[in-house]
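# Commentary on secondary and tertiary structure
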2 protein chains.
Amino acid sequence: MEKAMLRKYAEMAVRIGINVQPGQTLVIRSPLNGAELARECADVAYDAGAKEVVVFYHDEKLNRIRMEKGSKEEMCNIKEWQKIQMLNYVNTEGSAAFLHILSEDPEIYKGLDTEKIDAIGKANSAATKEFRDYTMNSRVQWSIVAIPSEAWAKKVFPELPVEAAVEKLWDTIFKVSRVEGDAVANWKEYTDKQMARRNRLNSLNLREVHLTSKNGTDLHVGLAEDCIWGGGKDYTTGGKPFTKEGIEFIANMPTEEIFTAPHKDNVNGVVYGTKPYVFNGNLIEDFVVTFKDGKVVEYDARVGKDLLKQLLESDEGAVSIGEIALVPASSPINRQNVLFYNTLFDENAACHIAFGAAYPDCVKGGSEMDEDQLKAKGINISVIHEDVMVGSEDMDIVGITADGEKVQIFSDGEWVF
Amino acid sequence: MEKAMLRKYAEMAVRIGINVQPGQTLVIRSPLNGAELARECADVAYDAGAKEVVVFYHDEKLNRIRMEKGSKEEMCNIKEWQKIQMLNYVNTEGSAAFLHILSEDPEIYKGLDTEKIDAIGKANSAATKEFRDYTMNSRVQWSIVAIPSEAWAKKVFPELPVEAAVEKLWDTIFKVSRVEGDAVANWKEYTDKQMARRNRLNSLNLREVHLTSKNGTDLHVGLAEDCIWGGGKDYTTGGKPFTKEGIEFIANMPTEEIFTAPHKDNVNGVVYGTKPYVFNGNLIEDFVVTFKDGKVVEYDARVGKDLLKQLLESDEGAVSIGEIALVPASSPINRQNVLFYNTLFDENAACHIAFGAAYPDCVKGGSEMDEDQLKAKGINISVIHEDVMVGSEDMDIVGITADGEKVQIFSDGEWVF
């Protein structure tokens, strides 16, 4: 991996993803193999006027030893410093922004006691709930970028020796993240286009999108009441004493989707999967699903039908969908024709739907609604949210407005505006 | 570096250095390049019955960027979590033990604003004062072990390519740390011997040691009143609600010295330096110093006389000595004939004296005395504590007891008991 490319990737993460503000603190959470990127990000952030950059390193190989051999009781006994650490950075003048460097080995805890891992995870979640309100509701800028780990690279490119696989995964990430050339300019140009599309969709007041493809897909996706299309850029919502509203950021990088919430009871037709989907570490391929009144009534898959069954039986809401996301066939991730085994990338390869929960903020005022109010809008509730790719090279998408007017949105797999 | 040797080094650090107790937590502070050792230490600690192992990583390359570009004001504004983090591990049932993995680049902050670095260091020190009372007064077990960094290895073996230098420094550290063979058994046998020597010295009730060598050294070192010889093993002092008294540990590894406090006004004669000494990153070589009534009255050096002058002029107490430490010529560190540029190793190569401060706990009840009381016992006070090597292959040391009896301690550079 070229140092110059890493610098551009850091520029992208800090100047576009986080959009660090002068006088702000940047908090980075990084695995040990992210140290080089974390240092570059620190340097970029200071150059952009950050007053401080703090990096917290974690070591998943150590965590495996801890999970295997440590006392569950002690690990669930969260210390006071852990509860306040992140809060200390938001409860202060010019509230910090948060960058997460992702490089997980998806199989790091393989073979360990899942009940113990879950319990410890829950104890940590409960202890940091107050802080997570800041990122989950975008009160502050936050972003996630990924870097190769050896285990991940070997999973994506099993035919290559480990070092070559890591190199190739770096190259692929740089390509699909629009880092080549002037990364910051690329992203400005690209997100401006995405914002225009998103604004256009929002102005149309659509009640349905209709997806068709020569592969047999013919799906009417009714939309939740008062739904809002998201994607492109994010904006901080503020709402706390030290947070600011309206700062641009991009939470996931890369991102190719413009998305909203379907109406959970108003999805009808048939849809074909167009990319392999990784569920619990295993593949579902070439599935076909039929919806009636929002629910899956028939399904099949060439590979992993059992897995698909398991997925759809996760809970009551798992047979309905919580997201419809539009991604053109020209998405750089699609053009790489690589399965990343990582949703941050794979969901940006094609139009997709998600079985399970919808995002409450995909309807107006949804962040403040309770479950019954959300359901009344058509928002689906579930413990799962599994994105499956259904977009194709010839996908045609027509929007139907509240007035019944038809508007072409995608033609031959691409945006028409 | 062989994995099996690293495992032995971890066994040494955790079972001997820390002597982790069943049900205890081990807190490890490690640089990023210490991850492999930290994981081994975690594994060893769990096998020894530790309930939890926590590792905090630091990144000195990142810290250089922070020190160079960060806001001094913000970095001096220590957060609440930083103040309580370590305290959380001692203010709890079975108070934790603390292992520090050392691997510093001595020149990491070269060229930066020293005033800023000092200010930030002081702010951090002040914020963690309550915790440092636990380690500085050995209320809990703590230990330091070193691992090579590239910068350090190149300084020790400048003639080798960097990878070979790191390998050679690993090998050298393993050798001088008695890790070859059965590390734990080696250390048990060795520290038993050292404790016997220490106990013997303490039983003699010495008022002076007299060092002579064919190189011209003829130094009478009067000892502080009620002085105690230390070395070999350390024992926790407890004294807080959750700490225990009397747990064996070894704070510095390796350690070859048995040491005590001289009487600041009662050192007379001449002493020749026998090893190069690194002061502020530069060398003092072949020095000779004459003492009268505890103070340096004449000095010279073949190399670095100016540095020696600077050292002796640090403050009023710098011309007197605060430590006399006995190390035999057969010390494995001496036999390697390597200058480590690191006091953890270099001071264990030969008998040494230290210009500057004495350790209060080298006299009975000293930890509870004020400065005037300490001075009355002969304890030297100074801001510096600089260990200079004066031991030789033919060193002869005779102790003089309170009754005026002479007892042979060293003959031809070796312990006689």
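Rules used in this analysis
Residues numbered from 1 in each chain as written. Chains lettered and ligands numbered in written order. Predicted model: local features only at pLDDT ≥ 70, side-chain atom pairs only at ≥ 80, totals over all residues. Heavy atoms only, no water. Helix = DSSP H or I, 4+ residues; strand = E, 2+ residues; numbered from the N terminus. Rg over C-alpha atoms; globule rule 2.2 N^0.38 Å. Buried < 20%, exposed > 50% of the residue type's maximum accessible area, 1.4 Å probe, protein only. Areas by Shrake-Rupley, 256 points an atom, 1.4 Å probe, with all protein chains shown as cover. Lys, Arg positive; Asp, Glu negative; His and termini not counted. Charge placed at Lys NZ, Arg CZ, Asp CG, Glu CD. Axes fitted to C-alpha atoms, helices over the stretch in contact; angles between N-to-C directions. Parallel < 35°, antiparallel > 145°, perpendicular 65-115°, else oblique. Left-handed = near helix turned anticlockwise from the far one by under 90°. Contact = heavy atoms within 4.5 Å. Pairing = 2+ DSSP bridges. Buried area = accessible area lost by both parts, 1.4 Å probe. Salt bridge = Lys/Arg side-chain N within 4 Å of Asp/Glu carboxyl O. Polar contact = N/O pair within 3.5 Å; in protein donor to acceptor, adjacent residues only side chain to side chain. Least-squares fit on C-alpha atoms with pLDDT ≥ 70 in both. Patch = residues over 30% accessible without salt bridge, like charges linked within 9 Å, V, L, I, M, F, W, Y side chains within 5 Å. Core = buried A, V, L, I, M, F, W, Y, C linked by side-chain atoms within 4.5 Å. Phe/Tyr/Trp six-rings, centres within 6.5 Å; stacked < 30°, edge-to-face > 60°. Lys NZ or Arg CZ within 6 Å of the ring centre and 35° of its normal. Expected span 1.5 Å × (residues − 1). Arc of directions from axis to C-beta. Disulfide = S-S within 2.5 Å.

Bringing the overall build of chain A into the picture now. Within chain A one finds 15 helices and 20 strands. Computed over its C-alpha atoms, the radius of gyration of chain A comes to 21 Å, within 12% of the 22 Å expected for a compact globule of 417 residues. Projected onto its principal axes, the C-alpha coordinates of chain A cover approximately 55 × 45 × 45 Å. The buried share of chain A, reckoned over its 417 residues, is 56%. Within the structure as shown, chain A displays about 17500 Å² of accessible surface, and the carbon and sulfur contribution to it stands at 47%. Counting 47 positive and 67 negative side-chain charges, chain A places the centres of these two groups 2 Å from one another.

Residue and element names in this part refer to chain A. Across the interface, helix α1 (residues 3-18) lies against helix α2 (residues 35-47) with an axial gap of 8 Å and an inter-helix angle of 55°. Between α1 and α2, the crossing angle belongs to the class labelled oblique. The interaxial crossing formed by α1 with α2 has right-handed handedness. Judged by residue contacts, Lys3, Leu6, Arg7, Tyr9, Ala10, Glu11, Ala13, Val14 and Arg15 of α1 engage Glu36, Leu37, Glu40, Cys41, Asp43, Val44, Ala45 and Asp47 from α2.

A word on the sheet that holds strand β15 (residues 321-326) of chain A. All names here are of chain A. Strand order in the open sheet made by the five strands is β7-β10-β15-β16-β17, with antiparallel pairing throughout. The two strands at the open ends of the sheet, each matched to only one other strand, are β7 (230-231) and β17 (385-389). Relative to strand β16 (residues 352-356), β15 runs antiparallel, the two being bridged by four bridges. Within β16, the position partnered with glutamate 323 by the bridge is alanine 354.

Further remarks concern the interface of chain B and chain A. On the side of chain A, 32 residues touch chain B, which itself brings 32 residues to the contact. Taking both partners together, chain B and chain A bury about 3100 Å²; carbon and sulfur atoms supply 60% of that area. The partner of B:Asp59 in a salt bridge is A:Arg39, and the shortest N-O contact between them spans 2.9 Å. Remark: the boundary between chain B and chain A carries 22 residue pairs in polar contact (both at pLDDT 80 or more). Mapped onto the side of chain B that touches chain A, the elements with two or more residues apiece are α2 (35-47), β2 (52-58), α3 (60-69), α4 (72-76), α5 (80-84) and α6 (87-90) of chain B.

All names here are of chain A. On the basis of which strands lie adjacent, the open sheet formed by four strands has the order β2-β1-β3-β4 and parallel pairing. Of all strands in the sheet, those with a lone pairing partner are β2 (52-58) and β4 (142-146), marking the two edges. On average, adjacent strands in this sheet sit at an angle of 15° to one another, irrespective of strand direction. Where strand β3 (residues 97-102) and β4 come together, five bridges link them in parallel fashion.

Residues and elements named next belong to chain B. Position of glycine 356 relative to the elements: it lies in strand β16 (residues 352-356). Along the primary structure glycine 356 and glutamate 316 are separated by 40 residues, whereas in three dimensions their C-alpha atoms are 8.9 Å apart. Residues in contact with glycine 356, not counting those within four places in the same chain, are Gly317, Ala318, Ser320, Ile321, Gly322, Asn380, Ser382 and Ile384.

A word on the relation of the copies chain B and chain A. Screw-axis analysis of chain B against chain A gives a translation of 0.0 Å along the axis, an RMSD of 0.1 Å, and a rotation angle of 180°. Taken together, the rotation and translation describe the operation of a two-fold axis. Relative to the rotation axis, the closest C-alpha in chain B is found at B:Trp81, a distance of 2.3 Å. The residues that chain B uses at the interface reappear at the interface of chain A in 100% of cases, marking a shared surface.

The subject of this paragraph is the side chain of A:Asp105. All names here are of chain A. Note on placement: aspartate 105 falls in the loop between β3 and α7 (114-127). Buried and without a salt bridge, aspartate 105 has lysine 155 as its closest oppositely charged side chain, separated by 7.6 Å. With near-sequence residues (within four places) excluded, aspartate 105 lies in contact with Glu60, Ser149 and Ala151.

Before going further, it helps to spend a moment on a negative patch on the surface. All names here are of chain A. Together, Glu2, Glu150, Glu163, Glu167, Asp171 and Glu180 make up a negatively charged patch on the protein surface. Looking at the negative patch element by element, the count peaks at three residues for helix α10 (residues 162-176). Structurally, glutamate 167 can be placed in helix α10.

Bringing the environment of A:Ala38 into the picture now. Residues and elements named next belong to chain A. Summarising the element assignment, alanine 38 is placed in helix α2. By relative accessible area, which is 0% here, alanine 38 ends up buried. Put simply, alanine 38 and glutamate 208 are 170 residues apart on the chain and 43 Å apart in space, counted from C-alpha to C-alpha.

This part takes up the nonpolar core. With 118 residues, the main nonpolar core has A:Tyr9, A:Leu26, B:Tyr9 and B:Leu26 as its most contacted residues. Discounting residues that sit within four places of it in the chain, A:Leu26 has contacts with A:Val14, A:Ile18, A:Val20, A:Cys41, A:Ala45, A:Glu52, A:Val53, A:Val54, A:Ala97 and A:Leu99. One finds B:Ala261, B:Val296, B:Met389 and B:Ile409 within the second-largest nonpolar core, a separate group that totals 54 residues.

With that settled, the discussion passes to the packing of aromatic side chains. With the rule as written, the count across this model stands at 29 aromatic pairs over all chains. Ring geometry for A:Phe56 versus A:Tyr89: centroids 6.2 Å apart, planes at 65°, classification edge-to-face. With A:Phe56 in strand β2 and A:Tyr89 in helix α6 (residues 87-90), the pair connects residues that are 33 residues apart, well separated along the chain. The burial state of A:Phe56 is the same as that of A:Tyr89; both residues are buried. Here the aromatic residues A:Phe56, A:Trp81, A:Tyr89, B:Phe56, B:Trp81 and B:Tyr89 are joined through ring pairs into a cluster of three or more. Here the basic side chain of A:Arg178 rests over the ring of A:Tyr190, its NZ or CZ set 3.6 Å away from the ring centre.

The next thing to look at is α2(B). For α2(B), which comprises 13 residues, the first-to-last C-alpha distance of 18 Å matches the rise-based estimate of 18 Å (1.5 Å per residue) to within 8%. Here α2(B) lies mainly inside the structure; 11 of its 13 residues are buried. Those residues of α2(B) that sit buried are B:Ala35, B:Leu37, B:Ala38, B:Arg39, B:Glu40, B:Cys41, B:Ala42, B:Asp43, B:Val44, B:Ala45 and B:Tyr46. Its buried side turned inward, α2(B) meets α3 (60-69) of chain A together with α1 (3-18), β1 (25-31), β2, β3 (97-102) and β4 (142-146) of chain B. One or two residues past the end of α2(B) sits B:Gly49, with phi positive at roughly 105°.

Further remarks concern the side chain of A:His263. Position of A:His263 relative to the elements: it lies in strand β11 (residues 262-272). Apart from the residues within four sequence positions on either side, A:His263 is in contact with A:Gly222, A:Leu223, A:Ala224, A:Lys377 and A:Gly378.

This part takes up the pattern of salt bridges. For the structure shown, the criterion picks out 56 salt bridges over all chains. When the shortest N-O distance is used, the salt bridge between A:Lys72 and A:Glu115 registers 3.1 Å. Residue A:Lys72 is located in helix α4 (residues 72-76), and its partner A:Glu115 is located in helix α7; the two are separated by 43 residues in the primary sequence. On the basis of relative accessibility, which here comes to 33%, the residue A:Lys72 falls in the partly exposed class. With its nearest N and O atoms 3.0 Å apart, the salt bridge here joins A:Lys79 to A:Glu74. Residue class for A:Lys79 comes out buried when judged on its relative accessible area of 8%. In this structure, a network of salt bridges that share partners links the residues A:Lys3, A:Arg7, A:Glu11, A:Arg15, A:Glu40, A:Asp43, A:Asp47 and B:Lys69.

Along an α-helix, residues three or four positions apart point the same way, because every turn accommodates 3.6 residues. Along helix α12 (residues 305-312) of chain B, the residues classified as buried are B:Leu307, B:Leu308, B:Leu311 and B:Leu312. Seen end-on, α12(B) carries its buried residues on one side only, within an arc spanning 135°.

Our focus in this paragraph is the state of the cysteines. Per the counting criterion, the structure on display carries zero disulfides over all chains. The thiol of A:Cys227 is not disulfide-bonded; the next cysteine sulfur, from A:Cys362, is found 8.0 Å away.

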